[in-house]
Amino acid sequence: MRPKFYTYLTVVLFLLLGVFQAQAQDQQVSGTVSDETGYPLPGVTILLKGTTRGTTSDLDGKYSISAPSTGVLVFSFIGYDPKEVTVGNQTTINVSLNPDLSDLEEVIVVGYGTAKKSQLTGAISSVGNKEIQELPITDARQALQGRAAGVDVTQPGSKPGSAPQVRIRGRRSFNASNEPLYVVDGIPIVGGLDDINPQDITSMEVLKDASATAIYGSRGANGVVLITTKRGTKGKTVVSLDSYYGINEELGRIEVFDGPAFAEYKRESRRATGNYPEGPATPEADANIFEPIELESLAMGRSTDYIGGLLRTGAIQSHQIGVSGGSDKTTFFVSANYFNDKGVVINQDFSRYTFRVNIDHQINDKFKIGTSTLVSYSERNGEDFNPLGGALQENPLGKPFDEEGNLIFLPTSDGLRTNPFAEVVPGAQVDLTKRYRIFNSIYANWQIAEGLTFRFVFGPDFNIARSGRFTGSQTNARRGGAATGSVNERFRFNYTLENILTYTKKFKQDHNINITALQSIQKDNFEQTTVSVLGIPAESQLFHRLGDASQITGANTNLVQWALMSFMGRVNYDYKNKLLLTGTVRADGSSRFGENNRYGVFPSVAVGWNLSEEAFLKNSSSVDQLKLRVSYGSIGNQAINPYQTQALLGRTTYAFDNTPAFGYRPNSIGNPDLRWETSTTFNTGVDFALWKGRVIGALEYYVTNTSDLLAPQPLPNSTGFGGFITNIGETQNRGIELTLSTLNVEKGDFTWSTDLIFTRNREEIISLPNGDDIAAGRFIGRPLTVFYDLKKVGIWQLSEADVANSFGDVPGEIKVEDFNGDGRINADDRQFLGSAVPDFSIGMTNRFAYKGFDFNFFIFGRFGSMIRSAFHDNFNTLFGRYNNLAVNYWTPNNPTNDYPRPNQNQERPKYNTSMSYFSGTFVKVRNINFGYTFSQEAVKKIGLQSLRVYSSIQQPFIFSEYRTKHKGIDPEVFIDGEQGVEGGVVNANISPAVTQFTFGINAKF
């Protein structure tokens, strides 16, 4: 017995000695794993090749592992190419991983869940944190422009706090909203995205076809944008600082006549009517048409630049502190941000303060809870204020200030034109909006059984806003009259409550099924109070004591409520990851419709075939992925104002026995048969990845038919009503989309990659109940909105006097096309000139990296659209009273075909609107960014984990015929009218385009 014991003991000691000897030959290796820009990567797997020995990087990207000098460490992470490093005599190995563009296992948020990119059957575009952070933006939607195929984003001008307009795959509806649904951390949002800090966002997914959007039913009719904010990960607590500051400068301005040019323009307007002699100007002739102050300015060479006096150098800044980390049980992300955008127009600025707390807690192996909470406060000045229109018309020969520098309210004797500088005197015009927002997404997960999960989500959203408006006596609006003031207070409480059941099961190793069932309710309560007054006794009171005013001109309160009840079922199935099937049915019940049509049912189905999983492509050296997709489904739209199905009353006045009294009368016609607007979409697409991920992309083709359009139907005036909302007509959108990413060069430490987006959409009206509706501007076979007007073909010349006379015109006036050839010009000669809808748009981003340096630039272009420039209409009257755009006008000695002859007897040129249509095609360099990431050795010396500094230029160039040929500024316009701006129109309410220079820092502690 004893010999056996010693034998076993000897064997054990021998084995232990071998282990100790092996350990003595190993060495401890540590380091940091980062991405291509130098940011630490948490969760990277580090394995000793050929063994099971391994570890993972922590939240700071740090790792430590024991390995022999002959060993090889393999670093791998989802979304990045693996890298192998021989240990040798190194004890510190820092590794930078490059993105694997062909990684098909990337997880994409699809709504009520996630899916691997390789298993998607719907049309989805994704914009990540990198693209969002590349631009210093106010609103997250701005990051989608040119970055997501099929998404048209427009941001006219530079007014601080203004929101971009987003249209996904064109417009479908005349009257119902064409705005997509935004879902933040699983909660459909109603109060807008203005309060969301873009730096808190980790990804944005755009759902475009019926298969992807049908799970949101009626709310997904115009596409869905899923926004996911940052969350914590377990590991060491990390503090991050992200800060930038920049200046804004006007990118050109609308040119008007200076003093001498205005004088000659005024003379020419009199020559046209025989009130000024032909030939050179003379002091005697000038004395008959110019007032003394104008003559004084001419003699002194004085010319006032009113526009320049209303502009300034703007500034933009953002400063954010973020803290993230967690344990095995609880993870957290906390951030605080201050953002300020001071516009280039005086009295226009926007400030926002946000605080976010995202917490996830694993109670046990069955239960998990969490919350996303946003608290926001913002102030916006000048939302409805822009003094540039008045400045464009002001006589440059006037005298704006006296010898002591005091402002002169009337620079000339023209009582309709006051001094534009009076508009920006402190306290003269106040337009301030304050917003308070608390937005929550609270969830609880219960793992009922293996594969079966229940999720409860509650999303309360509180939104309070107060807009105050004050207009003082010494402004153009009041012209010495009593001051006015108003207050508009809004309170909105919206909540979403959802119950989601998910079941996942794998059968016989080849069959995977995922079933999702949803019950959801959303309610909205919107209250509004407005008060407006005249005769504020002390202008210093502004709008804060409206009760002291001499007259109340308006007072009203309002309550609007609506609710949406929904049920949804979705089934995802795949066979060996080759054949994919998704089926969805959603039923929505909306309070906006009458009992006859309250519920709508919207089904969709999609199939996918991963050809790259088939034997004939499985081992291809050039094809990494090739997947075909087809989907078909219907989605409803209920985005109309509540109470359209009901007949409503309106207050009226009448005399009762010669005594004034108030009463009520029918104000609208209800339509209890109003039904859902329905869009049916066919989509086919192909996803591909080639040559080990050097080329990846997707190509889509779609057709969407929308029927039962919700739109107003006009009625004869004899009925006493202008019209009522009903279901009329049909529209169609069809288009092609291409998303392409290429890794062009990867050599040593140098990489160059390109992202390209191409979008082409054709929208047209298919049918209308009574054919073309000229009064509403709707024409079968045309886009939803078009420019339908007379076509300017030139200016009548002296040699064409007889022909001009036959049309009732004279040389120097606008010549328009006699479209129907009847020898006269009237409304029948109007024709289709174009539309604000572009033929196609392109976005391209190029990224370069070399060691610690990174450089990228982003170009966006829109082609084939038409715009109407209200500048060339409202500020191009050419009648010699107000200042005018500095245009090349016709004279007998300057026989141009550009613009007509000034004429003091015409307040506007004949056929003046024909002068305002221009090509809307443009190419913009949206962003140029250059940065440097310091090495780990350098940042450790100053106590940091990582440090990157950068500088960027936003919109340094706009290439457009509207700018170079017609002296406009920015041809980018809203397609639909909103925010006080008409669709397709450039006007004075839009602040000038700007170039922005920013400097920033990203640091982690």
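Chains are numbered independently. Their residues run from 1 in the order of the written sequence. With the structure being a predicted model, the display of local features is reserved for residues of pLDDT at least 70 and the display and counting of side-chain atom pairs for 80 or more, all residues being used for whole-chain, interface and lining totals. Only hydrogens and water are set aside; all other atoms, that is, all heavy atoms of the structure, feed into the side-chain values.

## Things to note about the overall build of the protein
This is how the line gets drawn: Each helix is a run of H or I in the DSSP string that is no shorter than four residues. Each strand is a run of E no shorter than two, and both are numbered from the N terminus. Here the globule rule is a power law, 2.2 Å times the number of residues to the power 0.38, and the radius of gyration is based on C-alpha atoms. The buried label goes to any residue with under 20% of its type's maximum accessible area, the exposed label to any with over 50%, and the partly exposed label to all in between, with areas taken from a 1.4 Å probe on protein chains only. Note on contacts: a residue pair qualifies if any of its non-hydrogen atoms lie within 4.5 Å across the two residues.
Of the regular secondary structure elements, the protein holds 13 helices and 49 strands. Here the protein has a C-alpha radius of gyration of 33 Å; the compact-globule value for 1005 residues is 30 Å, and the two agree. Per-residue burial for the protein yields a buried fraction of 51% across its 1005 residues. Sequence-distant contacts in the protein: of pairs separated by 6 or more residues, those separated by 24 or more amount to 69%.

## Considering the sheet that holds strand β45 (residues 917-919)
To summarise the sheet geometry, strands pair through backbone hydrogen bonds and adopt either a parallel or an antiparallel arrangement. Where we set the bar: When DSSP finds two or more bridges between a pair of strands, those strands are recorded as paired.
If you walk across this open sheet you meet the three strands as β45-β44-β48, and the pairing is mixed. Because the sheet does not close on itself, it has two edges, and the strands there are β45 and β48 (985-986). One ladder, built from two bridges, connects strand β44 (residues 866-869) with β48; its direction is parallel. In the strand pairing of β48, Ser869 is matched with Val986.

## Considerations on empty space enclosed by the protein
Worth spelling out the cut-off: A 1.4 Å probe that fits but cannot get out identifies a cavity on a 1 Å grid over protein atoms alone, an open set with protein on both sides within 12 Å along at least five of seven lines counts as a pocket, and a residue lines either if it has an atom within 4 Å of a point. Grid points are joined across faces, edges and corners, and a volume is the space filled by probe spheres set on the points.
A complete count under the given rule lists seven cavities of 30 Å³ or more for this structure. The volume enclosed by the largest cavity comes to roughly 530 Å³. Pro136, Gln142, Gln155, Arg926 and Gln996 are, among the 29 residues lining the largest cavity, the residues nearest its centre. Elements represented by at least two residues in the lining of the largest cavity include exactly β11 (151-154), β47 (946-959) and β49 (994-1004).

## Section: the environment of Ser590
On the secondary structure map, Ser590 appears in strand β27 (residues 579-590). It is 7.4 Å that separates the C-alpha atoms of Ser590 and Gln638, two residues lying 48 residues apart in sequence. Ignoring sequence-local partners within four residues, the contact set of Ser590 consists of Ala563, Leu564, Arg598, Gln638 and Trp676.

## Comments concerning the confidence of the model for the protein
Let me state the cut-off plainly: The quantity known as pLDDT measures the predictor's confidence residue by residue, on a range of 0 to 100.
Averaged over all residues, the pLDDT of the protein is 89; the fraction at 70 or higher stands at 96%. In this model residues 1-24 is a low-confidence stretch, pLDDT under 50, and it forms zero contacts with partners more than four residues away in sequence or in other chains.

## Re unusual backbone geometry
Phi is positive for Asn347, which is not a glycine, with a value near 75°. With respect to the helices and strands, the residue Asn347 is situated in the loop between β19 (330-342) and β20 (349-362). Despite not being glycine, Gln509 has its phi angle at roughly 65°, a positive value. Its place among the elements puts Gln509 in the loop between β24 (484-507) and β25 (511-534).

## Digging into helix α6 (residues 292-300)
What counts is decided by this rule: Think of the arc as the fan of directions from the helix axis to the C-beta atoms.
The set of residues buried in α6 consists of Ile293, Glu294 and Ser297. Buried positions in α6, seen along its axis, are confined to an arc of 100° and lie on one side of it. When the buried face of α6 is taken as reference, the exposed residues oriented beyond 90 degrees from it are Pro292 and Ala299. Each element contacted by the buried residues of α6 is listed here: α4 (259-271) and α5 (283-289). Within two residues after α6, Gly301 carries a phi angle of roughly 75°, on the positive side.

## As for the packing of aromatic side chains
Quick reminder of the rule: Centres within 6.5 Å are what make two rings of Phe, Tyr or Trp a pair, Trp counting through its six-membered ring; a difference in plane orientation under 30 degrees is then read as stacked, over 60 as edge-to-face, and the rest as tilted.
Under the defined criterion, the tally for this structure stands at 38 aromatic pairs. With centroids separated by 6.1 Å and ring planes inclined at 90°, the aromatic side chains of Phe257 and Tyr889 adopt a geometry described as edge-to-face. In this pair, Phe257 sits in the loop between β17 (235-250) and α4 while Tyr889 sits in the loop between α11 (871-874) and β45, placing the two residues 632 residues apart along the sequence. Like Tyr889, Phe257 is buried. When the centroid spacing of 5.5 Å and the interplanar angle of 15° are considered together, the rings of Trp752 and Phe848 count as stacked. Placement of the pair is Trp752 in strand β37 (residues 750-767) and Phe848 in strand β42 (residues 840-850), with a sequence separation of 96 residues. For Trp752, a relative accessible area of 29% translates into the label partly exposed. Residue Phe848 is classed as partly exposed on the basis of its relative accessible area, which comes to 23%.

## Focus: the pattern of salt bridges
Keep this limit in mind: Here, a salt bridge means any Lys or Arg side-chain nitrogen found within 4 Å of an Asp or Glu carboxyl oxygen.
All chains considered together, the criterion is met by 58 salt bridges. Between Arg908 and Asp873 there is a salt bridge, with the nearest N and O atoms lying 3.1 Å from each other. Taken as a pair, Arg908 in the loop between α11 and β45 and Asp873 in helix α11 lie far apart in primary sequence, 35 residues in all. Beyond isolated ion pairs, a larger network of salt bridges with shared partners links Asp139, Arg141, Arg167, Arg171, Glu179, Glu763, Asp976 and Glu978.

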